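One-letter residues, chain by chain:
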Amino acid sequence: MKIHPRFLWRWWLLAILFISVSPAESISENENYVWMTDPTTHKRYQVLKSSYDRDKAFVVGESTLSNRFTRQYLDSLANQCDAVIGPPSVFEFLNHTYLAVTEFCFHPDIYTYSFEIYLRLFETVRWEPYLIATLVAVAFTVARYICVISLLRTRIGKKFNTEQSQKKAMTPLWNTISYAFLFSVEAFTLYNYGYNDFIYPLCIFKEIHFRHGYFDDPTPLQYYWLYMFQIGYYVHSFYATIRLDVKRKDTYVILIHHVLTIALLSFSFFAKFHRIGLMVLFLHDISDVILELGKFLIALRSNYPEYASTLEHVANFLFAIFVLSW
């Protein structure tokens, strides 16, 4: 496989361009603030006057649940998140889903829906996270080149004599390594910061409530880097699909997939849905590890005819596990 080190300059120039056009994130000391009290936690906090003016149109009215259920019952639902002892039963899950749907979907006078909330979300988008993600993409690309060069020097790698065969084998192998890394980051974050969310996912929604200054809250550092790794990887994958991978009939479909994935990750990040996003990523990325590993074993068959049958059986087993995990 031919290596073109000059491609790095293009990435660094792009990063410099992001730096030059990205707006300042810091807040001027002269800007006005408004003191607010969180109705749920009763904690006082400061909100930018501009955010207060924009957010007050989206703050919902008082819930109607207290009119239909006793306070003791509602307190028992809330306390389940404070004393997690195990995952909810099927009945609990369906019951809570029913309560949520009837509350939010059939009371438009309280939970007014407007496309203006998306405009408000769009206002919170900043260039800085995309700059960080671009630098992460550069790191992924450099790591890929180093990994591929190292693997091609091994006994297994030397069996791939043509550039086409190298790409067919190294692409799924690199994807396996990348997804395994991303899954490890997700597992670490989940175990240390979101374990209760995994055991009892309904707890996530207890603390997600829109209030004045909601979009001004900083994303916790552990979730911030989780998203930077994810967005950076798919930026790298977009570049790799165009320049490094084997051209396929569905190349444009893959590119669209990468763009949509970056868009979904961005929405989750800027909407402060990072705890929900962690659950989704954790449950999905392990499937990609299994799938890409199976693809790599299929690519090995032509170079190891004596093990072709075994490799195919293992790959088929992995594909079956992939379907079940998906």
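As the structure is a prediction and not an experimental result, all values here were calculated from the model.

Thresholds, definitions, all that
- Throughout, residues of each chain are indexed from 1 in the direction in which the sequence is written.
- Only residues with pLDDT of at least 70 get local features here, since the model is predicted, and only at 80 or more are side-chain atom pairs given and counted; chain-wide, interface and lining totals rely on the full set of residues.
- By convention in this description, side-chain values take in all heavy atoms of the structure and omit both hydrogens and water.
- Elements are defined by DSSP. Helices are runs of H or I of four residues or more, strands are runs of E of two residues or more, and each kind is numbered from the N terminus.
- Each accessible area is a Shrake-Rupley estimate made with a 1.4 Å probe; only the visible protein chains count as cover when residues are assessed.
- Categorising residues by exposure relies on relative accessible area from a 1.4 Å probe, with only protein chains included: less than 20% of the type maximum marks a residue as buried, more than 50% marks it as exposed, and the intermediate range marks it as partly exposed.
- Between two residues, a contact is recorded if the distance between any of their heavy atoms is within 4.5 Å.
- Each polar contact in these results corresponds to two N or O atoms within 3.5 Å; when the atoms are within protein, one needs to be able to donate a hydrogen and the other to accept it, and residues that are neighboring in sequence are counted only if both atoms are side-chain atoms.
- UniProt positions are given in the numbering used here, feature names are shortened, and annotations may be inferred rather than shown by experiment.
- To get an axis, fit a line to the C-alpha atoms, keeping to the stretch in contact for a helix; angles then go from 0 to 180 degrees between the N-to-C directions.
- Orientation labels follow simple angle bins: below 35 degrees gives roughly parallel, above 145 gives roughly antiparallel, 65 to 115 gives roughly perpendicular, and whatever is left gives oblique.
- Note on convention: near helix rotated counterclockwise from far helix by under a right angle means a left-handed crossing. Clockwise means right-handed.
- In this classification, Asp, Glu, Lys and Arg are treated as charged, Ala, Val, Leu, Ile, Met, Phe, Trp, Tyr, Cys and Pro as nonpolar, and every other residue, Gly included, as polar.
- Planes of paired rings set the category: under 30 degrees apart is stacked, over 60 is edge-to-face and the rest tilted, where pairs are Phe, Tyr or Trp rings (Trp by its six-membered ring) whose centres lie within 6.5 Å.
- Patch criteria: residues need more than 30% relative accessible area and no salt bridge. Like-charged residues are merged within 9 Å; nonpolar side chains of Val, Leu, Ile, Met, Phe, Trp and Tyr are merged within 5 Å.
- Salt bridge, as used here, is a side-chain nitrogen of Lys or Arg placed within 4 Å of a carboxyl oxygen of Asp or Glu.

S.K.: Let's hear about the overall build of the protein chain: which residues, and what values?
M.R.: When helices and strands are tallied, the protein chain shows 14 helices and two strands. About 20000 Å² of surface is accessible on the protein chain, with carbon and sulfur atoms providing 66% of the total.

S.K.: Could you give an account of the environment of Thr176, naming the residues involved and the relevant values?
M.R.: Mapped onto the secondary structure, Thr176 falls in helix H8 (residues 163-193). Residue Thr176 is classed as buried on the basis of its relative accessible area of 11%. Beyond its immediate sequence surroundings of up to four residues, Thr176 is in contact with Val289, Glu292 and Leu293. Within the structure, the side chain of Thr176 is placed 2.7 Å from the backbone oxygen of Pro172, a separation counted as a polar contact.

S.K.: Give a detailed account of the UniProt feature "transmembrane region" (unreviewed entry) in the protein chain, specifying residues and quantitative values.
M.R.: In the UniProt entry, the feature "transmembrane region" (unreviewed entry) is given for residues 130-152, 173-191, 223-240 and 252-270. For the annotated span residues 130-152, helix accounts for 100% and strand for 0% of the residues, and the straight-line distance between the end C-alpha atoms is 32 Å.

S.K.: Provide a residue-level description of the packing of helix H7 (residues 128-152) against helix H11 (residues 221-243), including the pertinent values.
M.R.: Two numbers describe how H7 lies on H11: the axes approach to 7 Å, and their chain directions differ by 60 degrees. Accordingly, the angle class assigned to the pair H7 and H11 is oblique. Between H7 and H11 lies a crossing of right-handed hand. Residue-level contacts link Pro129, Ile132, Ala133, Val136, Ala137, Phe140, Thr141 and Arg144 of H7 to Tyr224, Trp225, Met228, Phe229, Ile231, Gly232, Tyr233, Val235, His236, Tyr239 and Ala240 of H11. Residues of the contact of H7 with H11, tallied by class, amount to 15 nonpolar, three polar and one charged.

S.K.: Quick one: what's the story with the side chain of His236, residue by residue and with numbers?
M.R.: Within the secondary structure, His236 is located in helix H11. With a relative accessible area of 1%, His236 lands in the buried category. A distance of 3.1 Å separates the side chain of His236 from the side chain of Trp174, its partner in a polar contact. Among all residues touching His236, those that are not within four sequence positions of it are Ala137, Phe140, Thr141, Arg144 and Trp174.

S.K.: Pulling in residues and values, what's your account of the packing of aromatic side chains?
M.R.: The full count for this structure, using the stated rule, is 15 aromatic pairs. Considering the side-chain rings of Phe267 and Phe273, the 6.2 Å spacing of their centres and the 70 degrees angle between planes classify their relative orientation as edge-to-face. Its relative accessible area of 38% is what places Phe267 among the partly exposed residues.

S.K.: Break down the side chain of Glu186 for me, with residues and values.
M.R.: Within the secondary structure layout, Glu186 lies in helix H8. With residues up to four places along the chain from it excluded, the contact list for Glu186 reads Leu226, Gln230, Leu278, Leu281, Phe282 and Asp285.

S.K.: Go over unusual backbone geometry with me, naming the residues and quoting the values.
M.R.: Its identity is not glycine, yet Lys272 carries a phi of approximately 65 degrees, on the positive side. As for its position among the elements, Lys272 is in the loop between helix H12 (251-270) and helix H13 (274-300). Assessed through its relative accessible area of 15%, Lys272 is described here as buried.

S.K.: Account for a nonpolar patch on the surface, naming residues and giving values.
M.R.: Taken together, Val90, Phe93 and Leu94 make up a surface patch of nonpolar side chains, about 320 Å² in accessible area. Assignment of secondary structure puts Leu94 in helix H5 (residues 90-105).

S.K.: Please provide a residue-by-residue account of the pattern of salt bridges, values included.
M.R.: Under the defined criterion, the tally for this structure stands at four salt bridges. Taking the shortest distance from any N to any O, the salt bridge between Arg144 and Asp245 comes out at 2.7 Å. With a gap of 101 residues between them, Arg144 in helix H7 and Asp245 in the loop between H11 and H12 connect regions that are remote in the sequence. The exposure class of Asp245 is buried, given its relative accessible area of 14%.

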